[in-house]
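Examining the three-dimensional arrangement
As a plain string of letters, each chain reads:
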Amino acid sequence: MKPHIAVLMACHNRREQTLKALKALANSVTEATFTVHLVDDGSTDGTADAVTADFPDTVVIRGDGNLFWAASMCLAERHAMKSHFDYLLWLNDDTMLLPGAIDPMLE
């Protein structure tokens, strides 16, 4: 059975950047499954809706714009910890993972 990873992300008004990071993530892992827990801290550019449309399995948690990065990541982790995951991966929305990048970490 493949390990399951909780990927924790935060974003605010970086729709295109966040979508690119999620696309790169999807290509970065073949030896595990993952669930993204994304805190959108009050974006007004449609980030949360775009993520939901393009990546419907992403758990989108909406903030009010006052969480900023640290509290958003904490909220994402608290949300993910309600379920069982083998690993947690904190990932910035401006990180473009290379194809297969996660697999060596699992070894």
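This text gives an overview of the structure that appears in the document. Within every chain, residues take consecutive numbers counted from 1 along the sequence as written. Local features in this predicted model are restricted to residues whose pLDDT is 70 or higher, and side-chain atom pairs enter the listing and the counts only when it is 80 or higher, whereas totals over whole chains, interfaces and linings include all residues. As a rule here, side-chain values cover all heavy atoms of the structure and leave hydrogens and water aside.

Thoughts on a nonpolar patch on the surface
- Exposure above 30% relative accessible area and the absence of a salt bridge qualify a residue for a patch, where like charges join within 9 Å and nonpolar side chains (Val, Leu, Ile, Met, Phe, Trp, Tyr) within 5 Å. Here, Shrake-Rupley sampling with a 1.4 Å probe gives the accessible areas, and only protein chains in the shown set may cover a residue. In what follows, salt bridge is the name for a side-chain nitrogen of Lys or Arg lying within 4 Å of a carboxyl oxygen of Asp or Glu. A grouping of Trp 69, Met 81, Leu 88 and Trp 90 is seen on the molecular surface, where their side chains present a nonpolar patch of about 440 Å² in accessible area.
- Three exposure classes are used, based on accessible area relative to the maximum for each residue type with a 1.4 Å probe and protein chains only: buried under 20%, partly exposed in between, and exposed over 50%. Overall, Met 81 belongs to the exposed group, its relative accessible area being 53%.

Considering the packing of helix α1 (residues 15-28) against helix α2 (residues 47-54)
- To get an axis, fit a line to the C-alpha atoms, keeping to the stretch in contact for a helix; angles then go from 0 to 180 degrees between the N-to-C directions. To qualify as a helix, a DSSP run of H or I must reach at least 4 residues; to qualify as a strand, a run of E must reach at least 2; elements of each kind are numbered from the N terminus. Contact pair α1 / α2: the axes reach a minimum separation of 9 Å and the direction vectors enclose 30°. The orientation of α1 with respect to α2, classified from their angle, is roughly parallel. Handedness of the crossing formed by α1 with α2: right-handed. Contact with α1, carried on its side by Arg 15, Thr 18, Leu 19 and Leu 22, involves Thr 47, Ala 50, Val 51 and Asp 54 of α2 and no other residues of that element. Oblique is the label for every angle not falling under 35 degrees (roughly parallel), over 145 degrees (roughly antiparallel), or within 65 to 115 degrees (roughly perpendicular). In a left-handed crossing the near helix is turned counterclockwise from the far helix by less than a right angle, and in a right-handed crossing that turn is clockwise. The criterion used for residue contact is that any of the two residues' heavy atoms lie within 4.5 Å.

Some thoughts on the sheet that holds strand β1 (residues 4-11)
- A pair of strands is labelled paired if DSSP reports no fewer than 2 bridges between them. What the four strands build is an open sheet, ordered β3-β2-β1-β4; its pairing is parallel. The sheet terminates laterally at β3 (59-63) and β4 (87-90), the two strands that pair on one side only. Strand-to-strand, the axes of this sheet are offset by a mean angle of 20°, without reference to chain direction.
- Taken together, the five bridges between strand β2 (residues 33-41) and β3 define a ladder with parallel strand orientation. What sits directly across from Val 39, in β3, is Ile 61.
- Of the strands in this sheet, β1 and β2 touch α1, which is tilted by about 170° from β2.
- Each of β1, β2, β3 and β4 is contacted by helix α3 (residues 68-80), which is oriented at about 150° to β1, the strand it contacts most.

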